[in-house]
Amino acid sequence: MTKRARLAEPPRRRVRELVHVTVDGVTVSVFVIVWDTPSGPVLYFVPLEPAPSVGRHSLVRQLCERLLDPGQWKRALLLEPVPIDLVPGAGGPRVRVHPAESSMDPARARARLKRGDDHPVSEVARTLRAVLPVWVRGTETVATATAAPGEPGITLSVADPTGWPRTEASLLMALRAGFPQRYPLGWALLAVEAAAQLDELVAAHAELTDSGDGWYLVARPRPPEPPEPLRRLLAAAQAPSGYGERAIADVAALRTAAEAVAGDDPLRDLLRSAADKLATSALQEQMAQLAQHAPRPSVGNLDAAEIVPVTATWAGPVVREWQRTLTPVADLPATLRLPRVARLLEFPVSKRPGTVREAYLDRAGRLVLVLTDPAEAEHTPWMCAEWPCDATVAAGWTDDTVLALDRPVPGAPAGPFLALTPGDGGVRIDQVPAPPRSGGPLQFDPGSARRWWLTFRRLLKLALDNTTAVEVTEQFEVFTTRPSTAAEVADRPFVLETIIEDAGMTLWPAMTVAGDTLRWRWDTVRAAAAADLTRAQRLLAPDAPRIYRYYAIAPDDHPSIDEAWQVVRVSGVSAGFYDEEELDRSGGWERTFIIDDIGRCKRDDVYLRLPLEDVDRVIAKVRSTWTR
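Cut-offs applied
- Residues numbered from 1 in each chain as written.
- Predicted model: local features only at pLDDT ≥ 70, side-chain atom pairs only at ≥ 80, totals over all residues.
- Heavy atoms only, no water.
- Helix = DSSP H or I, 4+ residues; strand = E, 2+ residues; numbered from the N terminus.
- Buried < 20%, exposed > 50% of the residue type's maximum accessible area, 1.4 Å probe, protein only.
- Contact = heavy atoms within 4.5 Å.
- Areas by Shrake-Rupley, 256 points an atom, 1.4 Å probe, with all protein chains shown as cover.
- Axes fitted to C-alpha atoms, helices over the stretch in contact; angles between N-to-C directions.
- Parallel < 35°, antiparallel > 145°, perpendicular 65-115°, else oblique.
- Nonpolar A, V, L, I, M, F, W, Y, C, P; charged D, E, K, R; others polar.
- Salt bridge = Lys/Arg side-chain N within 4 Å of Asp/Glu carboxyl O.
- Core = buried A, V, L, I, M, F, W, Y, C linked by side-chain atoms within 4.5 Å.
- pLDDT = per-residue confidence, 0-100.
- Phe/Tyr/Trp six-rings, centres within 6.5 Å; stacked < 30°, edge-to-face > 60°.
- Lys NZ or Arg CZ within 6 Å of the ring centre and 35° of its normal.
- Patch = residues over 30% accessible without salt bridge, like charges linked within 9 Å, V, L, I, M, F, W, Y side chains within 5 Å.
- Lys, Arg positive; Asp, Glu negative; His and termini not counted.
- Charge placed at Lys NZ, Arg CZ, Asp CG, Glu CD.
- Polar contact = N/O pair within 3.5 Å; in protein donor to acceptor, adjacent residues only side chain to side chain.
- Pairing = 2+ DSSP bridges.
- Expected span 1.5 Å × (residues − 1).
- Arc of directions from axis to C-beta.
- Left-handed = near helix turned anticlockwise from the far one by under 90°.

**A closer look at the overall build of the protein**
Along the backbone of the protein there are 20 helices and 26 strands. Expressed as a percentage of its 628 residues, the buried residues of the protein come to 47%. Relative to all contacts within the protein whose residues are 6 or more apart in sequence, the contacts with residues 24 or more apart total 66%. Accessible surface, the protein as shown: approximately 30,700 Å² in total, 52% of it carbon and sulfur.

Shown next as structure tokens:
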């Protein structure tokens, strides 16, 4: 278009209207202008919101068939204005110029949209000798096209289509909820982000004019005008620095508050969003400090407010004791309509049908639902509860605290796992924290090593959490400026596996029993955990005989030890880190990183732990494939 000679006189405008065309069975509204020029027709078109997703070629074909003669299609030009983004420095308005094309056979002619280029509107308007309407992104709606006068010099004022109205509403909601006082770091992040958004919009409005060389603005969004108190708060907002443990506390508080809000309340989403933003920012700061060898808080503490669904049998003395501390839900039908309940029951009920007959709230406002399955002969009730992951609860446990769990129905799942702490005001009952990021639904079953090991791992860390840092040689000490804590060392895979598998350990055998009434004193658990970690470190000391664990490496589409193409042996050190070695063709072992690469998704394989009785057989099988 810009390469054509400038028209000697303004073209005749034949059509200027709002048209509705049917594309792939969907009605689309389009604002169009058609000019007749000596070189052929020029069709200006703007699909209007709400615009369903339709094929662009189909849309253009319908427009051409309706507005142009088939003989004109080859000479037609199509102008599609590019919506203006309300950002500073966006530049002047532009229009996309598309040549049209059609099939050679006039009887079967079909118009198509050829790929076009963007040009400044002023250049296209100068060649066409016409004034073109342009649109701010989000204002190209049917309502705007219908109400706008559409003549140069007259611009309609419309509501702000950007995200600012939602941001302002969220900020006002945050102020009503007391964010600045309750969650100062969470509020600071929201305010700084909103202040940047506001400044950008104000600057963009200052740059945007209602008209220019060869164009005019159809509609202008009203600029943001936040209430003066909010404007002052945003002007004073400063990005937090040095998040540390303050951020962890704010994240936990925000997530806990979110779980206490009804699922359909927008405040719940705001609390969650603020928690996620703060957790991400704290993690980013921690990763930046990592390269500088700076001290850092534990990212794991950000899981403090996570909730995991837990199912358990609703019977036995522990349940009866806990039930006395719970608050019954007054309006059960209203509670069951909450999205929060639907999320809680989504997976447990798919595995075990049941009907909610009672609902309770614990001290923190978490739900405990009691269900029965009418199909079961004994109708034993079971529970599905919002279970906390917050490890800080263990700080309130004493040497007299008893960890308690019952299995009141033989063959049925165990009951809830609770901590009972006697005190002057009676017995305080806490849920033993669930492992974070375990997904759920979680069951507490000490009789099943496969189900119990996640809970045991969590309990081991709790028992060691307040102990002093252990004296070990850090293999990766370049990445840290502080010694590892006992809980961190015990949680590393090779140490944890040693604590679970070594016959001389105390805690794992004591907590993997199949009794019906299980009780463990907290002081006994802590002493056993410390003793087991000390033993594990002696077994993994540099001067101790090496402990090896063997893994079969198999394709992920055939995850079987019989499909192994390589064997890797792993040996650990007292700090919990490990070395990998793979079979070499000379009959020995050489250093490798296969398991590490699989863990980092760098290989399409799986690693499978080999029982000792299978190690020699699988090694021989792998080596036999090398001699074929």
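There's more to say after this.
**Observations concerning the packing of helix α6 (residues 184–207) against helix α7 (residues 228–235)**
Orientation of α6 relative to α7, taken along the N-to-C sense of each, is 100 degrees, at an axis distance of 8 Å. Judged on the interaxial angle alone, α7 and α6 are roughly perpendicular. Here α6 contributes W187, A191, A194, A195 and L198 to the contact with α7, which in turn contributes L230, L233 and L234. Taken together, the residues of the contact of α6 with α7 break down into eight nonpolar, no polar and no charged.

**Brief notes about the pattern of salt bridges**
The full count for this structure, using the stated rule, is 28 salt bridges. Between D362 and R366 there is a salt bridge, with its nearest N and O atoms 2.8 Å apart. For D362, a relative accessible area of 8% corresponds to the buried category. Overall, R366 belongs to the buried group, its relative accessible area being 17%. When the shortest N-O distance is used, the salt bridge between D491 and K461 registers 3.8 Å. Of this pair, D491 sits in helix α15 (residues 486–491) while K461 is found in helix α14 (residues 449–464), placing the two residues 30 residues apart along the sequence. Residues joined by salt bridges that share partners form a network here, namely E497, E501, R549 and R609.

**A word on the nonpolar core**
As a rule of thumb, nonpolar side chains are buried together in soluble globular proteins. Counting 65 residues, the largest nonpolar core has W314, W322, M383, W387, L403, F417 and L460 as the members making the most contacts within it. With seven residues, α14 is the single largest residue contributor to this core. Look past the residues within four positions of W322 in its chain and what remains in contact with it is W314, V368, M383, W387, P416, L418, I429 and Q431. L48, W164, F179 and W215 belong to the second largest nonpolar core, which has 62 residues in total.

**Section: the confidence of the model for the protein**
When pLDDT drops low, the exact placement of atoms in the prediction is not to be read closely. The share of residues in the protein with pLDDT of 70 or more is 86%, and the mean pLDDT across the chain is 84. Note on residues 468–481: pLDDT is under 50 here. Beyond four places in sequence and across chains, it has 33 contacts.

**Notes on the packing of aromatic side chains**
Describing an aromatic ring pair means giving the distance of the ring centres and the angle of the ring planes. Enumeration over the complete set of coordinates arrives at 17 aromatic pairs. Grouping aromatic residues by their ring pairs yields a cluster made of W314, W322, Y360, W387, F417, F444, W452 and W520. One residue, R549, lies across the ring of F494, its end atom 3.9 Å from the ring centre. Here the guanidinium or amino end of R569 rests over the ring plane of Y548, the centre of that ring lying 4.1 Å away.

**Notes on the environment of L77**
Structurally, the position occupied by L77 is in strand β4 (residues 77–82). Given a relative accessible area of 5%, L77 falls into the buried group.

**Considering a negative patch on the surface**
Taken together, D556, D557, E563 and D604 make up a surface patch of like negative charges. With respect to the element layout, D556 can be found in the loop between β22 (548–555) and β23 (566–572).

**Brief notes about the side chain of T401**
For T401, the location among the structural elements is in the loop between β17 (382–388) and β18 (402–406). Within the structure, the side chain of T401 is placed 2.8 Å from the backbone nitrogen of T398, a separation counted as a polar contact. The residues touching T401, leaving out its near neighbours within four places in the chain, are A419, L420, T421, W520, R521 and W522.

**Things to note about the sheet that holds strand β14 (residues 327–328)**
Taken together, five strands build an open sheet; the order of strands is β13-β17-β16-β15-β14 and the sheet is antiparallel. Looking at the sheet topology across the chains shown, the edges are occupied by β13 (307–313) and β14. Of the strand pairs in this sheet, β13 and β17 are connected by seven bridges, and their pairing is antiparallel. Bridged to T311 within β17 is C384.

**Observations regarding the pairing of strand β19 (residues 418–423)**
Side-chain direction in a regular strand flips from residue to residue, so the side chains alternate between the two faces of the sheet. One ladder, built from three bridges, connects β18 with β19; its direction is antiparallel. Its bridge partner being in β19, L403 is matched across the sheet by A419. In terms of strand pairing, β19 meets strand β20 (residues 426–431) through six bridges, oriented antiparallel. Looking at β20, one finds that T421 is bridged to R428.

**Quick look at helix α18 (residues 522–539)**
The α-helix winds at 3.6 residues per turn, so residues separated by three or four positions along the chain end up facing the same way. Between the first and last C-alpha of α18 there are 26 Å, a value that for 18 residues agrees with the 26 Å anticipated at 1.5 Å per step. Every buried residue of α18 is listed here: W522, V525, A528, A529, D532, L533, A536 and Q537. Each buried residue of α18 lies within a common arc of 170 degrees when the element is viewed along its axis, so the set occupies one face. Contact partners of the buried residues in α18: β18, α14, α15, α16 (493–501), α17 (507–511) and β21 (517–521).

**Some remarks on unusual backbone geometry**
Negative phi characterises most residues that are not glycine, and trans characterises most peptide bonds. Phi is positive for R129, close to 60 degrees, though the residue is something other than glycine. Looking at where R129 falls in the secondary structure, it is placed in the loop between α2 (121–128) and β8 (132–134). By relative accessible area, R129 is classed as partly exposed at 28%.

**As for the packing of α16 against α18**
Closest axis-to-axis distance for the α16/α18 pair is 9 Å, and the angle between their directions is 110 degrees. Taken together, the axes of α16 and α18 lie roughly perpendicular to each other. Judged by the sense of rotation from one axis to the other, the crossing of α16 with α18 is right-handed. Residue-level contacts link V495, T498 and I499 of α16 to D532, L533, A536 and L539 of α18. Of the residues assigned to the contact of α16 with α18, the class counts are five nonpolar, one polar and one charged.

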